[in-house]
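Coordinate analysis (summary)
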Amino acid sequence: MKQTNLAVVLLLILTAPLRAQGYLLRLDGRVQSVAYRGVRLDSIPLSAVDTAASGALYSPDGYAVACAPGGTYCTFYRPGSSVQNAPAIVSADFTMWGLGLPGLSLHANARAGGDLVGGPWPGTEPAVQLLEAYARFQRDWLTAQLGRQVRRGRLGFTGFDGAAVGARAAHLGLSAEGYLGLGLARGSVLPATSDLLNPFDEFQPTMRQWVAGADGDWRFGYGDVHAEYQREVDRDTHNFVSERVGVTASLHPIRYFRVDGGSEYDLASGTWGSSEIDLTITPHQRFGASGGIRQYRPFFNLWTIWGAFSPVGFHAYRGSAWVRPVGQLELHASGEHYQYEETFTSTALVSVADHGWRWAAGAGLGLGAQWHTALNYHAESGPGASSRGWDGSISWAPSTILTLTADGGYMERPLEFRYEQSNLGWAGLYGNLKLNERLRFNLSGTWYGEDRQRPDASGFDWSQTRIIAGISWLMGSGADRLSLPPAVRRRESR
Amino acid sequence: MRRLGLLLALGGLWTSAALAQETPAGSPHFDHWRHRKVFPTCLTCHPGAADPSRPFWPKPEQCENCHDGKVEEKVDWDGTPPSRVSNLRIKHDVHAEKFHKKYGADSTQACMSCHSSPGAAWMEVRRAVPARCLDCHGITVAHHEAPDSACATCHLKLPETKFTEARIAKFPKPPSHDAEGFYPGRHHGELAEGAKGAEGKPYAVAPSCATCHARDFCLQCHVNAPEVKAIQALDPDPRSLAIEAKLAAPASHKDPRWQPRHGAESRRDKAACSTCHTQQSCLACHRATPAVAVAMYPAGPGRGVGARIQRKPPSTHVGKWADEHARVAKSTPNSCSGCHARSECLECHRPNAASADAYHPAGWLVRHPAAAYSRQTDCAECHNTAQFCTDCHVSSGLRSVGNLLSGQYHDAQPSFRLGHGQAARQSLESCVSCHAERDCLTCHSAQSGRHFNPHGPNFDAERLKKKNPQMCSACHGSNIP
């Protein structure tokens with residue numbers, strides 16, 4: 001499989017300039033260097049354990065230990081040796097058109113890389129990852145795609161290897177699409193059968209699931225309505241992996257007002273999934289606000305047992321506002337309060353919060369065309385963990401090709417179920433050099449200083465320094481497209 | 001003293017030069033009023049006004065009859081017609097003939113009827129007075145409010161004139177051009193295409209337009225110039241660019257709802273968009289969906305540059321947009337794809353392992369528990385929880401090892417293992433980032449352990465059994481109730 005992916009990517013890259021009348025290729029290389037303290041599982045005989053006045057058990061050198069009932073030894077984690085990681089990834093995003101058949105184009109998006117030092121780093125395996133690779137045929141009313149593709153919609157990002165066919169009646173604002181293929185795992189470019197997706201050695205399907213679905217859109221003068229249906233079926237047992245429907249709408253019936261909302265329904269469990277409705281008001285270019293309510297409900301595939309544990313969701317109301325009172329000054333604030341549904345559990349010995357909140361506020365100030373500063377504060381409290389802290393940044397763009405940014409912040413994060421408060425401070429420098437519209441370099445370094453407070457010796461920190469370097473090289477025959485700014489803002493605008 | 005003399009001399013030279021610039025060397029102007037008692041008829045000097053075969057201007061000998069240097073001082077008139085530039089299509093002989101037919105051949109007022117103000121004395125002449133022209137031609141409105149069909153009666157098309165660009169730039173603007181909807185708007189086009197002649201025959205382009213404008217003028221804005229017959233009916237003339245036209249967005253484009261609506265509007269009325277927008281104009285933003293620009297004309301010769309679009313975030317992308325984009329993106333995925341290629345979404349939604357600067361703020365590693373417990377956003381939208389969360393938790397010691405009852409991690413809640421139900425149902429996704437299914441089945445299994453029932457009161461066993469009985473068999477074996 002790895003060899004096939006690599007061959008497809010190389011074939012597309014190498015043959016493109018020779019045959020295609022038009023192509024666009026962006027190569028993006030990044031490498032990150034991280035050094036931090038590792039952990040090491042240790043154990044001591046039960047007889048060597050000390051007992052504190054509170055009844056807590058400790059190793060002679062001060063580590064809280066866990067002793068299994070009836071066991072003869074106790075375990076604990078102690079600081080390990082320093083761990084060095086250097087994940088390096090090269091990405092290629094490729095589009096080719098003008099293949100002799102009007103409307104036909106080829107698309108590929110792949111990554112290759114690994115950890116240069118050798119330690120495990122999340123996301124670096126397998127070495128070659130094919131995010132998308134498909135042929136697309138588009139005519140005025142017809143669209144067809146064949147290959148690996150990632151669909152996004154109300155039900156999230158769905159990856160599969162297969163085909164999608166769509167049609168639209170542009171004059172009516174109607175469009176519909178259906179798709180069928182072998183699915184990828186949720187949030188991954190790997191199939192659910194991959195060993196890399198099973199670090200706990202849990203239940204896992206033996207065959208890739210079928211994924212099929214259809215969606216429809218209606219765009220009219222005052223908004224959009226989108227509905228979709230999706231099912232996943234285990235090819236081995238023919239059982240459902242999931243079956244859901246979703247609907248969303250975005251309406252802007254009155255000037256300055258916009259309503260966005262949507263909902264999901266899990267046909268397998270018979271429950272309403274995550275849903276929300278928001279009202280956004282932008283009466284002026286210098287002021288805007290939005291508010292709404294949402295429900296969150298976790299979703300699990302049916303080849304896990306987690307849905308049988310009756311997980312509950314929460315209901316939240318939220319709001320946000322921004323204002324530009326003068327010049328390049330922007331103030332923004334947002335907040336959310338959430339309340340979990342009744343869990344129908346009896347936990348007399350354990351107190352668990354059933355609600356929480358979070359808010360944030362900040363300001364951004366531009367000083368002429370070259371300087372921009374930002375200062376933000378956030379606080380959140382809820383079941384499991386809380387955090388509060390501030391961060392700030394200052395950017396200097398002495399020319400159109402160079403941007404330098406310095407940022408820093410401080411944060412406190414206590415946990416609810418564990419004795420551990422982490423106090424973190426950080427400072428970083430970031431440079432972005434855009435030599436021309438095709439070639440960009442960036443380099444950043446961030447120092448994190450952490451202080452973990454625990455009543456025993458295992459409050460060791462994860463202080464670290466991260467250095468990230470990147471290069472982005474765009475080449476292609478679509479010269480008219482090269483001067484576009486990136487649609488996704490990178491760190492310098494944070 | 002010598003310096004003073006030099007300064008005086010230079011000053012004198014400068015003054016002389018300045019005066020020379022202000023005083024014309026010689027003016028060809030003929031003072032008709034001073035000659036009012038000499039000439040009883042205009043035709044004495046301007047015989048061509050009635051007979052095109054004869055010269056329009058007097059011969060020098062005629063002037064020298066008096067201006068011989070003895071009776072009157074000599075004048076430097078040599079008979080060369082003055083280089084007066086005009087856009088009038090006047091034929092004096094035709095006018096004279098019609099006048100004489102109407103008022104009699106012996107009338108001496110033929111010339112004065114145009115070249116003087118009403119009630120003026122004999123020889124109190126001036127250049128043609130437009131109001132007198134309009135009176136004769138039966139036009140009762142002001143000069144620049146005359147109907148389209150009337151302009152060509154007196155005026156040449158701009159390319160037929162010899163006006164300089166400076167002169168063209170000073171053309172007075174008719175009041176109609178200030179009317180609402182004239183520009184920006186369709187009204188100017190309707191007037192250009194809708195003019196009709198005296199017999200009701202439509203003009204290819206209104207003569208009122210052609211009098212002051214040429215095709216090049218229209219190309220300042222009109223991308224669809226080759227397709228507009230009225231524009232093609234105008235002759236090309238680069239001098240027409242002396243009148244500057246600036247492309248202005250229609251009022252509809254200023255509505256904050258315009259951006260989300262413009263796609264539907266463009267499908268409804270493609271012609272309207274292609275007036276000002278080229279394909280390249282659309283592609284400035286729609287780089288990911290170039291097909292939307294098919295209906296537009298590509299930029300090229302004979303077309304206006306059109307609207308120059310700058311790619312910038314829409315009005316919704318303000319404040320902490322990254323945190324809020326999900327609800328809008330889910331509601332209107334097609335709107336996103338208008339500007340964003342899917343690969344841009346995947347930069348964050350399928351994170352690059354070597355990059356730490358995409359979505360989350362700095363320090364997220366420490367901060368993430370609070371956001372993850374209560375799912376500030378849906379982590380699984382971007383992260384496979386097994387590959388990303390669990391993998392990292394395992395390598396950092398956050399996994400259940402050995403006997404579950406050891407309770408090593410939850411040390412702030414000594415009885416957590418006995419009272420974890422509420423926390424588990426509230427944040428089950430967080431639990432499974434460290435716990436395997438077998439951890440839970442230690443107690444929550446119908447076949448072994450403590451047989452604790454994990455199902456809540458609203459658990460629809462029949463439905464789930466119907467969809468996937470294998471899920472039930474994990475705890476119930478083959479004895480599914």
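Note that the structure is predicted; figures quoted are calculated from it, not measured. (Residues numbered from 1 in each chain as written. Chains lettered and ligands numbered in written order. Predicted model: local features only at pLDDT ≥ 70, side-chain atom pairs only at ≥ 80, totals over all residues. Heavy atoms only, no water.)

The subject of this paragraph is the overall build of chain B. In terms of helices and strands, chain B carries 24 helices and zero strands. For 481 residues, the compact-globule estimate of 2.2 N^0.38 gives 23 Å, and chain B exceeds it by more than 25% at 44 Å. A principal-axis box enclosing the C-alpha atoms of chain B has dimensions of 140 × 80 × 35 Å. A total of 481 residues make up chain B; the buried ones form 36% of that total. Partitioning the contacts of chain B with sequence separation of at least 6, the portion at a separation of at least 24 is 57%. Across chain B, the centroid of the 57 positively charged side chains sits 5 Å from that of the 46 negatively charged ones. (Helix = DSSP H or I, 4+ residues; strand = E, 2+ residues; numbered from the N terminus. Rg over C-alpha atoms; globule rule 2.2 N^0.38 Å. Buried < 20%, exposed > 50% of the residue type's maximum accessible area, 1.4 Å probe, protein only. Contact = heavy atoms within 4.5 Å. Lys, Arg positive; Asp, Glu negative; His and termini not counted. Charge placed at Lys NZ, Arg CZ, Asp CG, Glu CD.)

Glancing now at the overall build of chain A. Scanning chain A from terminus to terminus reveals one helix and 26 strands. The C-alpha extent of chain A, read off along each of the three principal axes, is 80 × 60 × 55 Å. Taken across its 494 residues, chain A has 48% of its residues classed as buried. Residue pairs in contact within chain A that sit at least 24 positions apart in sequence constitute 50% of those at least 6 positions apart. Put simply, chain A shows about 22,300 Å² of open surface, and 62% of that area lies on carbon and sulfur atoms. In chain A, 43 positive and 45 negative side-chain charges are present, and the distance between their average locations comes to 8 Å. (Areas by Shrake-Rupley, 256 points an atom, 1.4 Å probe, with all protein chains shown as cover.)

This next bit is on empty space enclosed by the protein. One simple way to see leftover space: roll a probe sized like a water molecule over the atoms. One pass over the full model with this rule turns up eight cavities of 30 Å³ or more. Considering only enclosed or pocket space, the largest cavity measures out at about 520 Å³ in volume. In terms of residue count, helix H19 (residues 385-395) of chain B provides more of the lining of the largest cavity than any other element does, three residues in total. Of the pockets and cavities examined, the second largest cavity occupies roughly 240 Å³. Ser 290, Ser 320 and Trp 322 of chain A together with Val 318 and Glu 324 of chain B are, among the 22 residues lining the second largest cavity, the residues nearest its centre. With four residues, the top contributor of residues to the lining of the second largest cavity is helix H15 (residues 321-331) of chain B. Considered class by class, the residues forming the lining of the second largest cavity number seven nonpolar, ten polar and five charged. (1 Å grid on protein atoms, 1.4 Å probe; cavity = no way out; pocket = protein on both sides within 12 Å on 5 of 7 lines; lining within 4 Å. Points joined across faces, edges and corners; volume = space filled by probe spheres on them. Nonpolar A, V, L, I, M, F, W, Y, C, P; charged D, E, K, R; others polar.)

Take the environment of Asp 323 of chain B next. Residue and element names in this part refer to chain B. Considering the arrangement of structural elements, one finds Asp 323 in helix H15. Relative accessible area serves as the criterion here: at 43%, Asp 323 is assigned to the partly exposed category. Considered as a pair, Asp 323 and Asp 78 are 245 residues apart in the sequence and their alpha carbons are 85 Å apart.

Residue and element names in this part refer to chain B. For the second largest pocket, the calculated volume is near 290 Å³. The wall of the second largest pocket is formed by 21 residues, among which His 455, Phe 459, Cys 472, Cys 475 and His 476 lie closest to the centre. When residues of the lining of the second largest pocket are assigned to their parent elements, the largest contribution, four residues, is made by helix H24 (residues 469-476). A breakdown of the residues in the lining of the second largest pocket according to their chemical character gives 14 nonpolar, six polar and one charged.

Across the boundary between the two partners, chain A contributes 157 residues, which contact 123 residues of chain B. Between chain A and chain B lies a buried interface of about 12,800 Å² when both sides are counted; carbon and sulfur atoms form 57% of it. For Arg 30 of chain A, the salt bridge identified is with Glu 347 of chain B, shortest N-O distance 4.0 Å. Our count for the contact surface shared by chain A and chain B stands at 42 residue pairs in polar contact (both at pLDDT 80 or more). Of the residues assigned to the side of chain A that touches chain B, the class counts are 73 nonpolar, 42 polar and 42 charged. (Buried area = accessible area lost by both parts, 1.4 Å probe. Salt bridge = Lys/Arg side-chain N within 4 Å of Asp/Glu carboxyl O. Polar contact = N/O pair within 3.5 Å; in protein donor to acceptor, adjacent residues only side chain to side chain.)

Take a nonpolar patch on the surface next. Residue and element names in this part refer to chain A. Together, Trp 357, Trp 359, Leu 375, Tyr 377, Trp 390 and Tyr 410 give the surface a local cluster of nonpolar side chains, amounting to about 610 Å² of exposed area. Every element with two or more residues in the nonpolar patch is listed here: strand E20 (355-367) and strand E21 (371-381). Along the chain, Tyr 377 turns up in strand E21. (Patch = residues over 30% accessible without salt bridge, like charges linked within 9 Å, V, L, I, M, F, W, Y side chains within 5 Å.)

All names here are of chain B. Those residues of H24 that fall on the buried side of the exposure criterion are Met 471, Cys 472 and Cys 475. Each buried residue of H24 sits inside an arc of 95 degrees when the element is viewed along its axis, so together they form one side. Summarising the contacts, the buried residues of H24 are in contact with helix H22 (437-441) and helix H23 (461-467). Among the residues trailing H24, Gly 477 stands out with phi positive, at a value near 65 degrees. (Arc of directions from axis to C-beta.)

Omega for the peptide link from Glu 125 of chain A to Pro 126 of chain A comes to 0 degrees, which places this bond in the cis form. One non-glycine residue, Tyr 256 of chain A, adopts positive backbone phi at about 80 degrees. Assignment of secondary structure puts Tyr 256 of chain A in the loop between strand E14 (240-251) and strand E15 (257-266). For Tyr 256 of chain A, a relative accessible area of 30% puts it in the partly exposed group. For Arg 375 of chain B, which is not a glycine, the phi torsion comes out positive at approximately 45 degrees.

Summed over all chains, the structure comprises 38 salt bridges over all chains. Close ionic contact of Arg 358 of chain A with Glu 336 of chain A constitutes a salt bridge, the shortest N to O distance being 2.7 Å. In this pair, Arg 358 of chain A sits in strand E20 while Glu 336 of chain A sits in strand E19 (residues 329-340), placing the two residues 22 residues apart along the sequence. Connected via shared salt-bridge partners are Arg 294, Glu 336, Arg 358 and Glu 380 of chain A together with Arg 367 of chain B.

Summed over the entire model, instances satisfying the criterion amount to one disulfide over all chains. The disulfide that involves Cys 67 of chain A links it to Cys 74 of chain A, with 1.8 Å between the sulfurs. With the S-S dihedral at roughly 110 degrees, the linkage between Cys 67 of chain A and Cys 74 of chain A falls on the right-handed side. Here Cys 382 of chain B is not disulfide-linked; the sulfur of Cys 348 of chain B is the nearest cysteine sulfur, at 6.8 Å. (Disulfide = S-S within 2.5 Å.)

It is worth spelling out the side chain of Arg 258 of chain A at this point. Its place among the elements puts Arg 258 of chain A in strand E15. When its relative accessible area of 14% is taken as the criterion, Arg 258 of chain A is described as buried. Here the side chain of Arg 258 of chain A touches Asp 260 of chain A through a polar contact of 3.1 Å, side chain to side chain. When near neighbours in sequence (up to four residues on either side) are disregarded, Arg 258 of chain A contacts Ser 250, Leu 251, His 252, Asp 278, Leu 279 and Thr 280 of chain A together with Pro 260, Thr 316, Val 328 and Thr 332 of chain B.

All names here are of chain B. By size, the foremost hydrophobic cluster in this structure holds 21 residues, and its most contacted members are Leu 158, Ile 168, Phe 171 and Val 205. Those elements that provide at least two residues to this core are helix H9 (207-212), helix H10 (215-218) and helix H11 (229-233). Once residues within four sequence positions are removed from consideration, Phe 171 is found in contact with Leu 158, Phe 163, Thr 211, Cys 212 and Ile 243. (Core = buried A, V, L, I, M, F, W, Y, C linked by side-chain atoms within 4.5 Å.)

As a further point, take the confidence of the model for chain A. All names here are of chain A. With 92% of its residues at a pLDDT of 70 or more, chain A has an overall mean of 87. Confidence scores differ between elements of chain A, with helix H1 (residues 2-19) showing the lowest mean pLDDT of 51 and strand E11 (residues 174-183) the highest of 96. Low pLDDT (under 50) marks residues 14-20, which in the prediction has six contacts with non-local residues, meaning those over four places away or in another chain. (pLDDT = per-residue confidence, 0-100.)

Residue and element names in this part refer to chain A. Direction of pairing for strand E16 (residues 271-284) relative to strand E17 (residues 287-296): antiparallel, over a ladder of eight bridges. Of the residues in E17, the one forming a bridge with Leu 279 is Gly 291. Between the antiparallel neighbours E16 and E17 lie two residues. Examined bridge by bridge, E17 and strand E18 (residues 314-323) share ten bridges and lie antiparallel to one another. Residue pairing in the sheet places Phe 287 in a bridge with Val 323 of E18. (Pairing = 2+ DSSP bridges.)

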